[in-house]
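Chain residues, written in single-letter form:
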Amino acid sequence: MRTASHFFFAAAVSTLLPLAAFAQSSSDQPVKPEEHADEVAVAYEDDGMYFTEDDIPTYKVAEDGTVDWMTFSGFRRYHSECHVCHGPDGEGSTYAPKIKNSAVHLDYYDFYDVVVNGRQNGNSVMPHFGDNPNVMCYLNDIYVYLKARGMDAVPRGRPAKKEAKSDLIREMENDCMG
């Protein structure tokens with residue numbers, strides 16, 4: 001069963017407009033993790049999912065390098081659906097910009113809006129993924145993974161250690177994927 005905050009995200013996102021000019025340049029802006037630490041700090045945990053004070057999904061990396069399930073899942077889903085254009089580990093390619101920095105510089109809702117609705121900026125076209133369950137059912141996971149990459153909280157490559165998938169996450173995934 002989904003929590004009320006997850007329904008709020010979907011409803012709020014459908015009314016937001018992307019900040020295309022900012023989003024395009026946000027991929028090139030360097031990230032200074034110390035300046036964004038408060039934005040990604042874990043305020044609370046809900047059955048294996050971590051959130052900031054503003055109820056935005058975030059990552060958790062233990063001292064031994066163990067990542068939360070959403071970050072691990074985000075790595076897998078990103079490399080299944082996104083890295084063809086945006087390159088391995090969110091580092092960019094000749095087709096599309098790196099997006100690990102965008103996940104730090106863009107507001108969560110703006111990031112969500114661009115993925116759901118797509119956008120065009122000159123000759124650069126980001127297709128919409130709002131009807132792709134392989135993206136939409138895992139969009140928070142992808143966001144969390146890219147945020148962790150942009151903050152240098154996880155290195156390139158598959159995370160070596162991960163938390164177990166919680167029952168709530170499993171149930172949400174099953175509900176979404178059908």
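Residues numbered from 1 in each chain as written. Predicted model: local features only at pLDDT ≥ 70, side-chain atom pairs only at ≥ 80, totals over all residues. Heavy atoms only, no water.

(A) Up close: the environment of Ala 43. Locating Ala 43 in the fold gives a position in the loop between α3 (33–40) and β1 (44–46). For Ala 43, a relative accessible area of 42% translates into the label partly exposed. Sequence spacing of Ala 43 and Asp 54 is 11 residues, and the spatial spacing of their C-alpha atoms is 8.6 Å. In contact with Ala 43, other than residues within four places in its own chain, are Phe 51, Thr 52 and Glu 53. (Helix = DSSP H or I, 4+ residues; strand = E, 2+ residues; numbered from the N terminus. Buried < 20%, exposed > 50% of the residue type's maximum accessible area, 1.4 Å probe, protein only. Contact = heavy atoms within 4.5 Å.)

(B) Region of interest: the environment of Gly 87. Following the sequence through the fold, Gly 87 ends up in the loop between α5 (83–86) and α6 (100–105). For Gly 87, a relative accessible area of 2% translates into the label buried. Measuring from C-alpha to C-alpha, the distance between Gly 87 and Pro 97 comes to 8.3 Å, with 10 residues separating the pair along the chain.

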